[in-house]
Amino acid sequence: MNHRLLVTGGAGFIGSNFVHHWCRTYPNDQVVVLDALTYAGNRCNLAALEGRENFRFVQGNICDRAVIDQILQTENIDTIAHFAAESHVDRSILGPSAFVQTNVVGTFTLLEAFRQHWEVTLKPDYYRFLHVSTDEVYGSLGPNDPPFTETTSYAPNSPYSASKAGSDHLVRSYYHTYRLPAIITNCSNNYGPYQFPEKLIPLMCINALIGKQLPVYGDGKNVRDWLYVGDHCTALDRVIHFGIPGETYNIGGNNEVENITLVQMLCLLMDELAPSLLVRPTSDLITFVKDRPGHDRRYAINATKMKTHLGWSPSVTIQEGLRLTVEWYLHHRDWWEPLLSDEYQAYYQKIYS
Ligand code: NAD
Ligand code: DAU
(Lines give C-alpha, C1' and ligand atoms only; values in the text may rest on other atoms or scores of the structure.)
(Ligands and ions follow the chains in the order given, each with its own letter.)
Protein backbone atom coordinates (compact mmCIF):
# COMPACT_ATOMS: atom_id res chain seq x y z
CA MET A 1 0.00 0.00 0.00
CA ASN A 2 1.04 3.60 -0.47
CA HIS A 3 1.85 5.50 2.72
CA ARG A 4 1.27 9.12 3.62
CA LEU A 5 4.11 10.18 5.89
CA LEU A 6 4.65 13.15 8.14
CA VAL A 7 8.39 13.53 8.80
CA THR A 8 9.17 15.91 11.67
CA GLY A 9 12.66 17.41 11.66
CA GLY A 10 13.02 16.42 8.01
CA ALA A 11 15.30 19.38 7.27
CA GLY A 12 17.90 18.21 9.78
CA PHE A 13 20.72 15.73 9.33
CA ILE A 14 19.11 12.28 9.69
CA GLY A 15 15.62 13.50 8.78
CA SER A 16 16.73 14.85 5.40
CA ASN A 17 18.71 11.71 4.60
CA PHE A 18 15.60 9.71 5.52
CA VAL A 19 13.31 11.86 3.31
CA HIS A 20 15.67 11.36 0.35
CA HIS A 21 15.76 7.63 1.02
CA TRP A 22 11.97 7.41 1.25
CA CYS A 23 11.17 9.52 -1.83
CA ARG A 24 13.74 7.55 -3.86
CA THR A 25 12.51 4.14 -2.67
CA TYR A 26 8.75 4.81 -2.59
CA PRO A 27 7.99 7.43 -5.27
CA ASN A 28 4.25 6.78 -4.98
CA ASP A 29 4.11 7.65 -1.27
CA GLN A 30 3.27 11.15 -0.08
CA VAL A 31 5.82 12.86 2.20
CA VAL A 32 5.15 16.00 4.23
CA VAL A 33 8.04 17.51 6.20
CA LEU A 34 7.31 19.60 9.28
CA ASP A 35 10.36 21.48 10.50
CA ALA A 36 10.83 24.63 12.55
CA LEU A 37 14.12 25.40 10.76
CA THR A 38 16.09 26.01 13.94
CA TYR A 39 19.83 26.64 13.56
CA ALA A 40 20.16 22.89 12.76
CA GLY A 41 17.44 22.78 10.10
CA ASN A 42 18.31 23.65 6.53
CA ARG A 43 15.83 23.71 3.69
CA CYS A 44 18.70 23.37 1.20
CA ASN A 45 19.00 19.74 2.38
CA LEU A 46 15.71 19.05 0.58
CA ALA A 47 16.23 21.31 -2.44
CA ALA A 48 16.26 18.38 -4.90
CA LEU A 49 12.69 17.45 -3.84
CA GLU A 50 11.08 20.90 -3.96
CA GLY A 51 8.33 21.14 -6.54
CA ARG A 52 7.63 17.40 -6.66
CA GLU A 53 3.98 16.42 -6.39
CA ASN A 54 4.57 13.81 -3.69
CA PHE A 55 6.58 16.18 -1.45
CA ARG A 56 5.54 19.15 0.67
CA PHE A 57 7.47 21.26 3.16
CA VAL A 58 5.78 23.04 6.07
CA GLN A 59 7.75 25.35 8.33
CA GLY A 60 6.30 24.91 11.81
CA ASN A 61 6.90 23.81 15.37
CA ILE A 62 6.02 20.40 16.83
CA CYS A 63 4.77 22.23 19.94
CA ASP A 64 2.09 23.90 17.79
CA ARG A 65 -0.94 21.62 18.01
CA ALA A 66 -2.99 23.53 15.43
CA VAL A 67 -0.35 23.12 12.71
CA ILE A 68 -0.02 19.40 13.40
CA ASP A 69 -3.80 18.83 13.41
CA GLN A 70 -4.07 20.64 10.11
CA ILE A 71 -1.42 18.51 8.43
CA LEU A 72 -2.73 15.21 9.82
CA GLN A 73 -6.24 15.93 8.55
CA THR A 74 -5.66 17.64 5.23
CA GLU A 75 -2.88 15.25 4.19
CA ASN A 76 -4.61 12.18 5.63
CA ILE A 77 -1.38 11.09 7.31
CA ASP A 78 -1.04 7.43 8.35
CA THR A 79 2.59 7.38 9.53
CA ILE A 80 4.66 9.81 11.55
CA ALA A 81 8.45 9.51 11.46
CA HIS A 82 9.46 11.74 14.35
CA PHE A 83 13.01 13.11 14.10
CA ALA A 84 12.50 16.70 15.30
CA ALA A 85 14.60 17.39 18.36
CA GLU A 86 17.27 19.50 19.89
CA SER A 87 20.09 17.04 19.32
CA HIS A 88 23.45 18.38 20.51
CA VAL A 89 24.73 17.41 23.98
CA ASP A 90 27.03 20.44 24.37
CA ARG A 91 24.16 22.84 23.63
CA SER A 92 21.99 21.02 26.19
CA ILE A 93 24.64 21.77 28.82
CA LEU A 94 24.67 25.48 27.88
CA GLY A 95 20.85 25.78 27.70
CA PRO A 96 18.64 22.81 28.63
CA SER A 97 15.31 24.63 28.36
CA ALA A 98 14.84 24.26 24.59
CA PHE A 99 15.57 20.53 24.97
CA VAL A 100 12.74 20.03 27.44
CA GLN A 101 10.41 22.13 25.31
CA THR A 102 11.01 20.44 21.95
CA ASN A 103 11.99 16.93 22.99
CA VAL A 104 9.44 16.41 25.78
CA VAL A 105 6.61 18.90 25.20
CA GLY A 106 6.91 18.67 21.41
CA THR A 107 6.77 14.87 21.44
CA PHE A 108 3.79 14.98 23.81
CA THR A 109 1.97 17.43 21.51
CA LEU A 110 2.60 15.21 18.51
CA LEU A 111 1.43 12.10 20.37
CA GLU A 112 -1.79 13.76 21.46
CA ALA A 113 -2.53 15.02 17.95
CA PHE A 114 -1.79 11.63 16.39
CA ARG A 115 -3.90 9.82 19.00
CA GLN A 116 -6.90 11.98 18.20
CA HIS A 117 -6.36 11.59 14.44
CA TRP A 118 -6.04 7.79 14.78
CA GLU A 119 -9.20 7.57 16.91
CA VAL A 120 -11.26 9.82 14.62
CA THR A 121 -10.22 7.74 11.59
CA LEU A 122 -11.31 4.57 13.48
CA LYS A 123 -7.89 3.21 14.41
CA PRO A 124 -6.66 1.75 11.11
CA ASP A 125 -4.16 -1.05 11.80
CA TYR A 126 -1.56 0.32 9.38
CA TYR A 127 -1.07 3.64 11.22
CA ARG A 128 2.39 4.05 12.81
CA PHE A 129 4.16 6.51 15.10
CA LEU A 130 7.92 5.99 14.76
CA HIS A 131 9.85 7.73 17.52
CA VAL A 132 13.52 8.12 16.57
CA SER A 133 15.58 8.09 19.73
CA THR A 134 19.11 7.57 20.92
CA ASP A 135 21.37 5.09 22.71
CA GLU A 136 22.34 7.92 25.08
CA VAL A 137 19.22 7.20 27.17
CA TYR A 138 21.02 4.10 28.49
CA GLY A 139 23.87 6.12 30.00
CA SER A 140 27.53 5.20 29.99
CA LEU A 141 29.23 1.77 29.72
CA GLY A 142 32.41 0.60 31.44
CA PRO A 143 35.16 -0.88 29.25
CA ASN A 144 34.04 -4.49 29.79
CA ASP A 145 30.26 -4.01 29.99
CA PRO A 146 28.15 -5.76 27.34
CA PRO A 147 26.55 -3.44 24.74
CA PHE A 148 23.10 -1.93 25.39
CA THR A 149 20.12 -4.17 24.62
CA GLU A 150 16.44 -3.19 24.43
CA THR A 151 16.05 -4.17 28.11
CA THR A 152 18.96 -2.13 29.47
CA SER A 153 17.74 0.27 32.18
CA TYR A 154 17.55 3.94 31.34
CA ALA A 155 20.25 6.09 32.98
CA PRO A 156 20.53 9.38 31.04
CA ASN A 157 23.40 11.66 32.06
CA SER A 158 22.93 14.90 30.10
CA PRO A 159 19.96 17.25 29.76
CA TYR A 160 19.80 16.09 26.11
CA SER A 161 19.61 12.38 26.94
CA ALA A 162 17.26 13.03 29.88
CA SER A 163 14.86 14.89 27.58
CA LYS A 164 15.04 12.08 25.01
CA ALA A 165 14.43 9.55 27.79
CA GLY A 166 11.37 11.55 28.87
CA SER A 167 10.03 11.49 25.32
CA ASP A 168 10.66 7.72 25.05
CA HIS A 169 8.65 7.18 28.24
CA LEU A 170 5.74 9.21 26.91
CA VAL A 171 5.72 7.23 23.65
CA ARG A 172 5.82 3.96 25.56
CA SER A 173 2.92 5.08 27.75
CA TYR A 174 0.79 5.93 24.70
CA TYR A 175 1.14 2.38 23.46
CA HIS A 176 0.40 0.80 26.81
CA THR A 177 -2.46 3.12 27.76
CA TYR A 178 -4.17 3.83 24.43
CA ARG A 179 -2.66 1.10 22.21
CA LEU A 180 -1.44 3.87 19.90
CA PRO A 181 0.67 1.96 17.32
CA ALA A 182 3.96 3.51 18.35
CA ILE A 183 7.48 2.10 17.96
CA ILE A 184 10.71 3.43 19.49
CA THR A 185 14.17 3.09 17.96
CA ASN A 186 17.35 3.81 19.92
CA CYS A 187 20.30 4.40 17.63
CA SER A 188 24.02 4.98 18.08
CA ASN A 189 26.09 7.87 16.62
CA ASN A 190 25.32 8.65 12.98
CA TYR A 191 27.62 10.29 10.46
CA GLY A 192 27.42 11.21 6.78
CA PRO A 193 26.18 14.00 4.47
CA TYR A 194 24.23 17.03 5.78
CA GLN A 195 25.42 16.74 9.41
CA PHE A 196 25.62 20.16 11.08
CA PRO A 197 29.22 21.39 11.67
CA GLU A 198 28.97 21.27 15.50
CA LYS A 199 29.13 17.42 15.63
CA LEU A 200 32.46 15.59 15.93
CA ILE A 201 32.98 14.29 12.36
CA PRO A 202 31.87 17.37 10.35
CA LEU A 203 33.65 19.62 12.85
CA MET A 204 36.93 17.77 12.30
CA CYS A 205 36.49 17.76 8.49
CA ILE A 206 35.65 21.45 8.30
CA ASN A 207 38.33 22.56 10.78
CA ALA A 208 40.95 20.59 8.84
CA LEU A 209 39.86 22.33 5.63
CA ILE A 210 40.08 25.81 7.18
CA GLY A 211 43.30 25.07 9.09
CA LYS A 212 41.76 25.34 12.56
CA GLN A 213 42.64 23.18 15.58
CA LEU A 214 40.94 19.78 15.93
CA PRO A 215 39.64 19.86 19.53
CA VAL A 216 39.51 16.43 21.18
CA TYR A 217 37.76 16.39 24.56
CA GLY A 218 39.57 14.97 27.61
CA ASP A 219 41.95 12.10 26.87
CA GLY A 220 40.22 11.22 23.57
CA LYS A 221 39.49 7.69 24.74
CA ASN A 222 35.69 7.98 24.88
CA VAL A 223 34.12 5.34 22.68
CA ARG A 224 31.18 5.74 20.27
CA ASP A 225 29.51 3.14 18.05
CA TRP A 226 29.41 4.78 14.58
CA LEU A 227 26.72 4.10 11.99
CA TYR A 228 26.59 5.54 8.47
CA VAL A 229 23.37 7.55 8.17
CA GLY A 230 22.21 5.65 5.06
CA ASP A 231 22.21 2.46 7.12
CA HIS A 232 20.11 4.16 9.80
CA CYS A 233 17.57 5.11 7.11
CA THR A 234 17.25 1.54 5.82
CA ALA A 235 16.81 0.34 9.41
CA LEU A 236 13.99 2.85 10.02
CA ASP A 237 12.37 1.80 6.73
CA ARG A 238 12.32 -1.81 8.00
CA VAL A 239 10.88 -0.72 11.33
CA ILE A 240 8.07 1.27 9.69
CA HIS A 241 7.14 -1.61 7.38
CA PHE A 242 7.72 -4.62 9.61
CA GLY A 243 8.24 -3.42 13.19
CA ILE A 244 5.72 -4.39 15.84
CA PRO A 245 3.82 -1.63 17.67
CA GLY A 246 4.84 -1.32 21.31
CA GLU A 247 8.31 -2.70 20.59
CA THR A 248 11.68 -1.00 20.92
CA TYR A 249 14.53 -1.65 18.47
CA ASN A 250 18.20 -0.85 19.06
CA ILE A 251 20.07 0.24 15.91
CA GLY A 252 23.87 0.38 15.82
CA GLY A 253 26.93 0.03 13.66
CA ASN A 254 28.76 -2.67 15.62
CA ASN A 255 31.58 -0.24 15.18
CA GLU A 256 33.13 0.92 18.44
CA VAL A 257 35.94 3.44 17.97
CA GLU A 258 37.81 5.70 20.41
CA ASN A 259 37.46 9.38 19.50
CA ILE A 260 41.18 9.90 19.05
CA THR A 261 41.43 6.93 16.67
CA LEU A 262 38.50 8.24 14.65
CA VAL A 263 40.05 11.71 14.41
CA GLN A 264 43.34 10.18 13.26
CA MET A 265 41.48 8.20 10.57
CA LEU A 266 39.84 11.43 9.40
CA CYS A 267 43.21 13.20 9.29
CA LEU A 268 44.70 10.49 7.06
CA LEU A 269 41.70 10.71 4.71
CA MET A 270 41.99 14.50 4.57
CA ASP A 271 45.71 14.28 3.79
CA GLU A 272 44.95 11.80 0.99
CA LEU A 273 41.85 13.43 -0.53
CA ALA A 274 42.12 17.20 -0.04
CA PRO A 275 44.01 18.83 -2.92
CA SER A 276 45.14 21.79 -0.82
CA LEU A 277 45.37 22.08 2.92
CA LEU A 278 46.63 24.96 5.08
CA VAL A 279 48.26 22.50 7.50
CA ARG A 280 49.60 19.11 6.38
CA PRO A 281 49.73 16.55 7.90
CA THR A 282 46.32 17.40 9.31
CA SER A 283 47.11 15.51 12.51
CA ASP A 284 49.36 18.45 13.52
CA LEU A 285 46.09 20.29 14.27
CA ILE A 286 44.92 17.76 16.91
CA THR A 287 44.60 19.52 20.27
CA PHE A 288 43.36 17.98 23.52
CA VAL A 289 40.90 20.38 25.21
CA LYS A 290 38.87 20.55 28.42
CA ASP A 291 36.45 17.64 28.73
CA ARG A 292 32.68 17.88 28.27
CA PRO A 293 30.97 17.93 31.73
CA GLY A 294 29.44 14.53 32.50
CA HIS A 295 31.00 13.10 29.32
CA ASP A 296 29.71 9.52 28.82
CA ARG A 297 32.70 7.21 28.46
CA ARG A 298 31.39 4.52 26.15
CA TYR A 299 28.30 3.65 24.10
CA ALA A 300 27.78 0.37 22.27
CA ILE A 301 24.64 -1.13 20.78
CA ASN A 302 23.62 -4.75 20.56
CA ALA A 303 21.54 -4.72 17.35
CA THR A 304 20.74 -8.45 17.34
CA LYS A 305 16.99 -7.84 17.50
CA MET A 306 17.09 -5.73 14.32
CA LYS A 307 18.94 -8.58 12.60
CA THR A 308 16.88 -11.53 13.84
CA HIS A 309 13.42 -9.88 13.80
CA LEU A 310 13.71 -7.49 10.86
CA GLY A 311 16.62 -8.88 8.81
CA TRP A 312 18.60 -5.63 9.03
CA SER A 313 22.31 -5.15 9.57
CA PRO A 314 24.61 -2.27 8.60
CA SER A 315 26.14 -2.45 5.14
CA VAL A 316 28.70 0.40 5.11
CA THR A 317 32.03 -0.19 6.87
CA ILE A 318 33.59 2.63 8.88
CA GLN A 319 36.41 2.91 6.29
CA GLU A 320 33.92 3.28 3.42
CA GLY A 321 31.60 5.57 5.37
CA LEU A 322 34.34 7.95 6.53
CA ARG A 323 35.74 8.17 3.00
CA LEU A 324 32.29 9.00 1.59
CA THR A 325 31.79 11.59 4.33
CA VAL A 326 35.15 13.30 3.90
CA GLU A 327 34.56 13.43 0.13
CA TRP A 328 31.10 14.92 0.71
CA TYR A 329 32.43 17.75 2.93
CA LEU A 330 35.27 18.36 0.46
CA HIS A 331 32.82 18.78 -2.41
CA HIS A 332 30.09 20.71 -0.54
CA ARG A 333 31.88 23.78 0.74
CA ASP A 334 28.90 25.79 -0.56
CA TRP A 335 26.70 23.84 1.89
CA TRP A 336 28.75 24.22 5.07
CA GLU A 337 30.44 27.60 4.66
CA PRO A 338 27.21 29.61 5.24
CA LEU A 339 26.57 27.57 8.41
CA LEU A 340 29.69 29.01 10.07
CA SER A 341 27.57 32.05 10.95
CA ASP A 342 28.04 34.62 13.72
CA GLU A 343 25.67 32.55 15.89
CA TYR A 344 27.81 29.47 15.26
CA GLN A 345 31.04 31.38 16.04
CA ALA A 346 29.52 32.64 19.31
CA TYR A 347 28.54 29.07 20.24
CA TYR A 348 32.02 27.84 19.27
CA GLN A 349 33.66 30.47 21.48
CA LYS A 350 31.56 29.41 24.47
CA ILE A 351 32.44 25.73 24.09
CA TYR A 352 36.08 25.87 23.02
CA SER A 353 37.58 29.10 24.36
P1 NAD B 1 19.47 17.66 13.83
O2 NAD B 1 19.76 18.56 14.98
O3 NAD B 1 20.42 17.63 12.69
O4 NAD B 1 18.04 17.99 13.23
C5 NAD B 1 16.93 18.26 14.03
C6 NAD B 1 15.86 18.88 13.15
O7 NAD B 1 14.70 19.12 13.97
C8 NAD B 1 16.25 20.22 12.54
O9 NAD B 1 15.88 20.27 11.18
C10 NAD B 1 15.45 21.24 13.34
O11 NAD B 1 15.11 22.42 12.60
C12 NAD B 1 14.22 20.44 13.70
N13 NAD B 1 13.56 20.92 14.92
C14 NAD B 1 14.13 21.22 16.11
N15 NAD B 1 13.21 21.65 16.98
C16 NAD B 1 12.02 21.61 16.33
C17 NAD B 1 10.69 21.91 16.69
N18 NAD B 1 10.38 22.36 17.93
N19 NAD B 1 9.71 21.75 15.79
C20 NAD B 1 9.99 21.29 14.54
N21 NAD B 1 11.24 21.01 14.14
C22 NAD B 1 12.23 21.16 15.02
O23 NAD B 1 19.29 16.21 14.48
P24 NAD B 1 19.69 14.78 13.91
O25 NAD B 1 21.11 14.50 14.26
O26 NAD B 1 19.25 14.68 12.50
O27 NAD B 1 18.79 13.85 14.83
C28 NAD B 1 17.45 13.55 14.45
C29 NAD B 1 16.82 12.67 15.53
O30 NAD B 1 17.58 11.47 15.67
C31 NAD B 1 16.79 13.33 16.91
O32 NAD B 1 15.59 13.00 17.54
C33 NAD B 1 17.96 12.67 17.65
O34 NAD B 1 17.72 12.62 19.03
C35 NAD B 1 17.98 11.31 17.02
N36 NAD B 1 19.29 10.64 16.97
C37 NAD B 1 20.37 11.28 16.45
C38 NAD B 1 21.59 10.60 16.35
C39 NAD B 1 22.82 11.24 15.76
O40 NAD B 1 23.89 10.67 15.82
N41 NAD B 1 22.73 12.42 15.16
C42 NAD B 1 21.69 9.27 16.80
C43 NAD B 1 20.54 8.66 17.34
C44 NAD B 1 19.36 9.35 17.41
O1 DAU C 1 24.80 8.33 20.51
C2 DAU C 1 23.84 9.00 19.74
C3 DAU C 1 24.03 10.49 19.90
O4 DAU C 1 25.21 10.81 19.15
C5 DAU C 1 22.85 11.30 19.42
O6 DAU C 1 21.74 11.02 20.22
C7 DAU C 1 23.16 12.80 19.47
O8 DAU C 1 22.08 13.54 18.92
C9 DAU C 1 24.42 13.06 18.66
O10 DAU C 1 24.78 14.42 18.78
C11 DAU C 1 25.57 12.17 19.16
O12 DAU C 1 25.97 12.56 20.48
P13 DAU C 1 27.52 12.64 20.90
O14 DAU C 1 27.65 13.57 22.02
O15 DAU C 1 28.10 11.28 21.04
O16 DAU C 1 28.12 13.26 19.52
P17 DAU C 1 29.21 14.41 19.25
O18 DAU C 1 29.45 14.42 17.77
O19 DAU C 1 28.87 15.69 19.90
O20 DAU C 1 30.50 13.84 19.97
C21 DAU C 1 31.02 12.55 19.66
C22 DAU C 1 32.18 12.28 20.59
O23 DAU C 1 33.25 13.19 20.28
C24 DAU C 1 31.86 12.52 22.06
O25 DAU C 1 32.57 11.58 22.84
C26 DAU C 1 32.38 13.92 22.32
C27 DAU C 1 33.58 14.01 21.40
N28 DAU C 1 33.89 15.36 20.86
C29 DAU C 1 32.89 16.06 20.28
C30 DAU C 1 33.12 17.31 19.76
C31 DAU C 1 32.00 18.11 19.12
C32 DAU C 1 35.19 15.85 20.91
O33 DAU C 1 36.10 15.19 21.42
N34 DAU C 1 35.41 17.09 20.40
C35 DAU C 1 34.43 17.85 19.83
O36 DAU C 1 34.73 19.00 19.41
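From a predicted model like this one, the values you see are computed outputs, not experimental measurements. (Residues numbered from 1 in each chain as written. Chains lettered and ligands numbered in written order. Predicted model: local features only at pLDDT ≥ 70, side-chain atom pairs only at ≥ 80, totals over all residues. Heavy atoms only, no water.)

Another point: the packing of aromatic side chains. According to the stated counting rule, one finds 24 aromatic pairs in the structure shown. Residues Phe114 and Phe129 carry aromatic rings whose centres are separated by 5.9 Å and whose planes lie at 50° to one another, so their mutual orientation is tilted. Highlighted residues: Phe114 in helix α4 (residues 97-120) and Phe129 in strand β5 (residues 128-134), separated in sequence by 15 residues. Assigned by exposure class, Phe114 and Phe129 land together as buried. Here the aromatic cluster, defined as three or more aromatic residues joined through ring pairs, consists of Tyr39, Phe196, Tyr217, Tyr344, Tyr347, Tyr348 and Tyr352. When the ring centre of Tyr178 is taken as reference, the NZ or CZ atom of Arg115 above it lies at 3.9 Å. (Phe/Tyr/Trp six-rings, centres within 6.5 Å; stacked < 30°, edge-to-face > 60°. Helix = DSSP H or I, 4+ residues; strand = E, 2+ residues; numbered from the N terminus. Buried < 20%, exposed > 50% of the residue type's maximum accessible area, 1.4 Å probe, protein only. Lys NZ or Arg CZ within 6 Å of the ring centre and 35° of its normal.)

Next up on the list: the sheet that holds strand β6 (residues 182-187). Reading across the sheet, the seven strands line up as β3-β2-β1-β4-β5-β6-β11 and stay open at both edges, with parallel pairing between neighbours. A strand with exactly one partner marks an edge of an open sheet, and here the two such strands are β3 (55-59) and β11 (248-251). Recorded for the sheet is a direction-independent mean angle of 20° between the axes of neighbouring strands. Pairing between strand β2 (residues 30-35) and β3: five bridges, direction parallel. If you follow Val33 over to β3, its bridge partner there is Phe57. Contacting β1 (4-8), β2, β3 and β4 (79-82), helix α2 (residues 65-74) runs over the sheet at an angle of about 175° to β2. Each of β5 and β6 touches helix α5 (residues 159-178); the most contacted strand, β5, lies at about 155° to it. (Pairing = 2+ DSSP bridges. Axes fitted to C-alpha atoms, helices over the stretch in contact; angles between N-to-C directions. Contact = heavy atoms within 4.5 Å.)

Once that is clear, we can look at the site of ligand 2. In the vicinity of ligand 2 lie 24 residues, with Thr134, Asp135, Tyr160, Arg292 and Tyr352 positioned nearest. For ligand 2, an oxygen atom lies 2.5 Å from a polar atom in the side chain of Asp135. Within the complex, 95% of the 690 Å² of free accessible area of ligand 2 lies under protein. Where the shell around ligand 2 is concerned, the elements lending two or more residues are α6 (200-210) and β8 (214-217). The dominant element in the shell around ligand 2, judged by the number of residues it contributes, is β8, at three residues. (Near = heavy atom within 4 Å. Polar contact = N/O pair within 3.5 Å; in protein donor to acceptor, adjacent residues only side chain to side chain. Areas by Shrake-Rupley, 256 points an atom, 1.4 Å probe, with all protein chains shown as cover.)

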